[in-house]
Amino acid sequence: MSGQTPTAPAGERTVLVGVTGGIAIYKAVELVRGLVKDGFQPLVVSTQAAQRFVMPLTFAAVSQAPALDDESAWQASGGWFQHIEAARTARVMVVAPATANTLAKMAAGLADNLLTAIYLAFRGPVIVAPTMNWAMNEHPATVANLRLLAARGVEVLPAEEGELACGEEGSGRMAPPEAIRLAVRRAFAGTAAGPLAGKKVVVTSGGTRERIDAVRFIGNRSSGKMGRAVADEAYLRGARVALVTTQPADGAPYGVVRVESSDDMGAAVREQVRDADVLVMAAAVADFKPRSEEAGKIQRGDREALTLDLVRTVDILAGTARPGLFRVGFAAEAGPRLQRAREKKAATGVDLLVFNDILAEGVGIGADENAITIITAREEIEVPRTSKRACAAAIADQIEAGLQAR
Ligand code: CTP
């Protein structure tokens, strides 16, 4: 589902990358490199302001293609003017960084430079990654322009909160290059008609932390990578994704809810699944937690031992059963105990159960690879050791098959 079709003609892989005069343009160099790595052919178009920050030569070098600017607008290519030629060649257009000025021009339909002329002439999916000072970002004019563009089908990757180049804090940082790359892959994949398109998918990931006192917790080594891969895959297939996780989720172009304990995760999941179609419980939720959190820090003093009083946590997955919600559970077993996983599927009533043996070589907790068996209502699909991304694709295939069989 990467949308990669290396055998397709050159134009089939071309992505127009419009760069404008924002300081975040240094990240656009990384974005263009990343797009090349993803198998795309970026065609970079710089505005005049962009060229004051980064020379088109830099983009030509990293994209391994000529980079366009307003000068090139007046050169005919193949009998066509550049803006028409570029718009005809490319399949997807992304503007990153997109300044308030360029966004305003796009919203108004102005075409006073090559980038905006291409935008008007282009008929494929368009993605914008705004970046600017927080006050400019919150200005009613910018808010209205972004709303208008979104209503016309432009995918807006909202600016993030954080420290801004102007030294102030606020919302205005460009979405990270990884998020933009994923959005480009999704646009190329053309997922509008797939079974997951438009569906709300809630995914949990990471190990929960159960507080003992103000500084200590009971946790586990789950890295959250498997859940993250499932969330990315669902996003690529056109789903509306909410990732409820205990881990940072840098570069996720969808909603992320950060939580800490099993209680936090349970509350977030119950809230998110209300209008969801699919729940994937990939998180390693603690089965037990301290009966109560000690105020302050437990002192060592002259204790020789410390006994913790633990109670069961709430079973999040069990509490979410309702008609219309397709549920996926995970069973991490210490050993090849597939039969136990089958019993878990029957006991929990989930639609799919993903079994993995955490003791198997090179897979499981913290690793980039996994080996899983997907237990469905009809069959068991074994996915031998491969990337977590490939495992996620296999899981998404089975979710799609399950949704279609309904
Ligand atoms: N799970 C949950 N809430 C909990 C514990 C687990 O929703 N309090 C979910 C996990 O996210 C996973 C599934 O239940 O999708 C199974 O978790 P796992 O720890 O493998 O199994 P348990 O049911 O806890 O059984 P056991 O520890 O006995 O193997």
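Here is a short report on the structure shown in this document.

The rules behind the values
- Residues numbered from 1 in each chain as written.
- Predicted model: local features only at pLDDT ≥ 70, side-chain atom pairs only at ≥ 80, totals over all residues.
- Heavy atoms only, no water.
- Helix = DSSP H or I, 4+ residues; strand = E, 2+ residues; numbered from the N terminus.
- Rg over C-alpha atoms; globule rule 2.2 N^0.38 Å.
- Buried < 20%, exposed > 50% of the residue type's maximum accessible area, 1.4 Å probe, protein only.
- Contact = heavy atoms within 4.5 Å.
- Areas by Shrake-Rupley, 256 points an atom, 1.4 Å probe, with all protein chains shown as cover.
- Lys, Arg positive; Asp, Glu negative; His and termini not counted.
- Charge placed at Lys NZ, Arg CZ, Asp CG, Glu CD.
- Near = heavy atom within 4 Å.
- Polar contact = N/O pair within 3.5 Å; in protein donor to acceptor, adjacent residues only side chain to side chain.
- Phe/Tyr/Trp six-rings, centres within 6.5 Å; stacked < 30°, edge-to-face > 60°.
- Lys NZ or Arg CZ within 6 Å of the ring centre and 35° of its normal.
- Patch = residues over 30% accessible without salt bridge, like charges linked within 9 Å, V, L, I, M, F, W, Y side chains within 5 Å.
- Salt bridge = Lys/Arg side-chain N within 4 Å of Asp/Glu carboxyl O.
- Axes fitted to C-alpha atoms, helices over the stretch in contact; angles between N-to-C directions.
- Parallel < 35°, antiparallel > 145°, perpendicular 65-115°, else oblique.
- Left-handed = near helix turned anticlockwise from the far one by under 90°.
- Nonpolar A, V, L, I, M, F, W, Y, C, P; charged D, E, K, R; others polar.
- Core = buried A, V, L, I, M, F, W, Y, C linked by side-chain atoms within 4.5 Å.

1. A short note on the overall build of the protein chain
Reasoning step 1: Along the protein chain, the regular secondary structure elements total 13 helices and 21 strands.
Reasoning step 2: Relative to the globule expectation of 22 Å for 406 residues, the C-alpha radius of gyration of the protein chain, 24 Å, shows essentially globular dimensions.
Reasoning step 3: Here the C-alpha coordinates of the protein chain stretch approximately 80 × 55 × 40 Å along the principal axes.
Reasoning step 4: Buried positions account for 51% of the 406 residues belonging to the protein chain.
Reasoning step 5: Restricting the contact set of the protein chain to residue pairs at least 6 apart, pairs at least 24 apart contribute 66%.
Reasoning step 6: A total accessible area of about 19,400 Å² is found for the protein chain, and carbon and sulfur atoms account for 51% of it.
Reasoning step 7: For the protein chain, the centre of its 46 positive side-chain charges and the centre of its 46 negative side-chain charges are spaced 3 Å apart.

2. With respect to the site of the ligand
Reasoning step 1: For the ligand, the set of nearby residues contains 16 residues, the closest of which are Met281, Ala283, Leu317, Phe330 and Lys344.
Reasoning step 2: Asp287 has a polar side-chain atom sitting 3.0 Å from an oxygen atom of the ligand.
Reasoning step 3: A distance of 2.7 Å is found between an oxygen atom of the ligand and a side-chain nitrogen or oxygen belonging to Lys344.
Reasoning step 4: Coverage of the ligand by the protein chains reaches 76% of its 580 Å² of free accessible surface.
Reasoning step 5: Listing elements by their share of the shell around the ligand, those giving two or more residues are strand 18 (326-333) and helix 12 (338-348).
Reasoning step 6: In terms of residue count, strand 18 provides more of the shell around the ligand than any other element does, four residues in total.

3. Details of helix 3 (residues 56-63)
Reasoning step 1: Buried within helix 3 are the following residues: Pro56, Phe59, Ala60, Val62 and Ser63.
Reasoning step 2: Along its buried surface, helix 3 packs onto strand 1 (14-19), helix 1 (25-37), strand 2 (41-46) and helix 2 (48-53).

4. Quick notes on the packing of aromatic side chains
Reasoning step 1: Overall, the coordinates contain two aromatic pairs when judged by the stated rule.
Reasoning step 2: Measuring from ring centre to ring centre gives 5.8 Å for Tyr235 and Tyr254, while their planes differ by 50°; the resulting arrangement is tilted. A residue pair is termed long-range when its members are at least 10 positions apart, and Tyr235 in helix 10 (residues 225-236) and Tyr254 in the loop between strand 13 (240-245) and strand 14 (255-258) qualify at 19 residues.
Reasoning step 3: Arg13 extends its terminal NZ or CZ atom over the ring of Phe188, reaching a point 5.3 Å from the ring centre.
Reasoning step 4: In this structure, Arg186 packs its charged tip against the face of Tyr235, placed 3.9 Å from the ring centre.

5. Describing a negative patch on the surface
Reasoning step 1: Side chains of Glu30, Glu160, Glu178 and Asp250 sit close together on the surface and give a patch of like negative charge.
Reasoning step 2: Assessed through its relative accessible area of 61%, Asp250 is described here as exposed.

6. Here's the deal with the packing of helix 5 (residues 100-108) against helix 8 (residues 140-151)
Reasoning step 1: For the pair helix 5 and helix 8, the least separation of the axes is 9 Å and the interaxial angle reads 50°. In this view, helix 5 runs oblique relative to helix 8, as classed from their interaxial angle. Remark: the crossing between helix 5 and helix 8 carries left-handed chirality. The segment helix 5 lies against helix 8, with Ala100, Leu103, Ala104, Met106 and Ala107 engaging Thr142, Asn145, Leu146, Leu148 and Leu149.
Reasoning step 2: Across the contact of helix 5 with helix 8, the residue classes break down as eight nonpolar, two polar and no charged.

7. A few points about the nonpolar core
Reasoning step 1: Judged by nonpolar contacts, the single largest core of 63 residues is most densely connected at Val15, Val17, Phe59, Ile180, Val184 and Ile399.
Reasoning step 2: Among the elements that take part in this core, helix 10 stands out by supplying seven residues, more than any other.
Reasoning step 3: The contact partners of Val15, leaving out residues within four places of it in the chain, are Leu35, Phe40, Gln41, Pro42, Leu43, Val92, Val94, Val184 and Phe188.

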